Amino acid sequence: MATEATAHGGYLDILRAPHAARLLTGTLVGRLPNGVGPIALTLFVRDQGGSYTLAGGLIAAYGVATAIGQPLLGRAVDLKGQPRVQLPAAVLSALGMVLLALTGIDHLAVAYAAVVVAGLFTPPLEGGLRALWPSVLGREDRVHRAYALDAVAQEVMFTVGPLLLTLLVSLWSPAAALLVINVLGVLGALAVVLSEPSRAWRSAPREAHWLGALRSPGLLALLGSFFFVGLALGSITVAALSYADDVGTPSVYGWLMAALGLGALLGGVAYGARPWAGAPEKRLRILVLLLAVCYLPLTLTPGPVAMTGLSVLSGVFLAPVLACAFIVVDRHAPTGTVTEAFSWLVTTFGVGSALGSAVAGPAVELAGTVAGFAVAGAGGLVALLVLLATGRVLGAPVAPAEPAARHAVSAGGPTPVHTEKNTH
């Protein structure tokens, strides 16, 4: 069996490949509006004199709309190609936020409609990028390393994005920041869809089925597990805020979140720097176990310095879990549904994270900060149990994890086309 990465090359080898740096950068910039959306909405509503309740309501509406839109748009990408879906969706999503920035919160119906449009049409750039990697990179080992790089880059985005938003707010205003971030999002999507790989990519012929990617039992098993991984991560954000209140230092919250991101960054870099042999489904179970185990020490709630260290530890296996899950998705997605399948992973993770925040709140109020962190540990353990209980279906992927069939690339020749699965 081929290994998932080769020891030579590394991330620079991936980024030096034609179009790779452009696609990765464009995708990250294109995802900025969604990545900082909840923070941007909170700052905007508070600047307009609105309550935290209103901010929470708008964020919830935005999140639900995004969760609905991602798999639907992902399916449209598989059917119609990337440029015909990604760019119009990015423009419509940006227009929703522009409408909110220009009209404010005085008319609640308009405000809610604006964020619903913005969320519903958030382009599935994340799934689209992962569908492009095989045609851009060719070899299986390079594709799997790109998945690890993708997971690392996400952590960078979730660190840099809020800093950029804060800078824009300090220079101008929350409304202006909302406009700038969404313009950047459209430009990022434009950079992706104008690239040769995106324009040439076509999904493999798909079997007509109303369930689409969800007809795969292995994919359903993975989504069930990742719902609880998301729940664990979402609960940490609330529990960490409670911890900061307990120690009387609000700034500790930012340190804990940054430490968690740093841990994920370090873990992702280490994971992608070495070869991995064997079935990714088995390795995913080990990684989720380690993730859950590293969440449990957070319940000790020591002093801020030690707690920051535990937060770093809690994030170490997050990026590796994501990178390994991307491979599993590609192995279990029915032919012709790869973008939709990746979009379902994004949706499930996001819904789980939102529920985790909702569950951790009452847990903290009833039993204190420790209970909030206990939700994270419990979520990780349940995610592992789902993988163990569904081991049989996860052990039977739709097709072997091999590079997609593609055209040869030559100077002036055709751009490779990703057809997702080899023809056997």
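Residues numbered from 1 in each chain as written. Predicted model: local features only at pLDDT ≥ 70, side-chain atom pairs only at ≥ 80, totals over all residues. Heavy atoms only, no water.

*Asks:* Give a description of the confidence of the model for the protein that names residues and reports values.
*Replies:* Averaged over all residues, the pLDDT of the protein equals 86, while 90% of them reach at least 70. Per-element confidence in the protein ranges from a low mean pLDDT of 85 for helix 9 (residues 140–171) to a high of 97 for helix 6 (residues 83–103). Long-range and interchain partners of residues 1–8, a stretch whose pLDDT sits below 50, account for 29 contacts in this model, where long-range means more than four residues apart. Confidence drops under pLDDT 50 across residues 400–424; counting only partners more than four residues distant or on other chains, this segment forms 66 contacts. (pLDDT = per-residue confidence, 0-100. Helix = DSSP H or I, 4+ residues; strand = E, 2+ residues; numbered from the N terminus. Contact = heavy atoms within 4.5 Å.)

*Asks:* Give me the pattern of salt bridges: which residues, what numbers.
*Replies:* Applying the stated criterion across every chain yields a total of seven salt bridges. We note a salt bridge from Arg31 to Glu126, for which the minimum N-O separation is 3.2 Å. In this pair, Arg31 sits in the loop between helix 2 (20–30) and helix 3 (32–35) while Glu126 sits in helix 8 (residues 125–137), placing the two residues 95 residues apart along the sequence. Residue Arg31 shares its accessibility class with Glu126, and that shared class is buried. Taking the shortest distance from any N to any O, the salt bridge between Glu340 and Arg75 comes out at 3.1 Å. In this pair, Glu340 sits in helix 17 (residues 338–367) while Arg75 sits in helix 5 (residues 52–80), placing the two residues 265 residues apart along the sequence. Residue class for Arg75 comes out partly exposed when judged on its relative accessible area of 24%. (Salt bridge = Lys/Arg side-chain N within 4 Å of Asp/Glu carboxyl O. Buried < 20%, exposed > 50% of the residue type's maximum accessible area, 1.4 Å probe, protein only.)

*Asks:* For the side chain of Ser225, give the residues involved together with the corresponding values.
*Replies:* Within the secondary structure layout, Ser225 lies in helix 12 (residues 217–247). In this structure Ser225 touches Ala383, Val386 and Leu387, once residues within four positions along its chain are discounted.

*Asks:* Go over empty space enclosed by the protein with me, naming the residues and quoting the values.
*Replies:* The rolling of a water-molecule-sized probe over the atoms marks out the regions of remaining empty space. All told, the structure shown has seven cavities of 30 Å³ or more when counted by the stated rule. Here the largest cavity defines a volume of roughly 90 Å³. Lining the largest cavity are Gly30, Pro33, Asn34, Tyr62, Ala90, Ser93, Ala94, Thr122, Pro123, Asn182, Gly185 and Val186. If you list the elements that add at least two residues to the lining of the largest cavity, you get helix 3, helix 6 and helix 10 (174–193). Of the residues contributing to the lining of the largest cavity, the split by class is six nonpolar, six polar and no charged. (1 Å grid on protein atoms, 1.4 Å probe; cavity = no way out; pocket = protein on both sides within 12 Å on 5 of 7 lines; lining within 4 Å. Points joined across faces, edges and corners; volume = space filled by probe spheres on them. Nonpolar A, V, L, I, M, F, W, Y, C, P; charged D, E, K, R; others polar.)

*Asks:* Outline helix 17, listing residues and values.
*Replies:* The terminal C-alpha atoms of helix 17 lie 43 Å apart, and with 30 residues this matches the ideal 44 Å at 1.5 Å per residue to within 8%. Looking one or two places after helix 17, you find Gly368, whose phi comes out positive at around 95°. (Expected span 1.5 Å × (residues − 1).)

*Asks:* Lay out unusual backbone geometry with the relevant residues and their values.
*Replies:* Even without being a glycine, His19 presents a positive backbone phi close to 75°. Following the sequence through the fold, His19 ends up in the loop between helix 1 (11–16) and helix 2. Positive phi is not limited to glycine here, since Thr301 has a value of about 40°. Looking at the secondary structure, you find Thr301 in the loop between helix 14 (280–295) and helix 15 (304–315).

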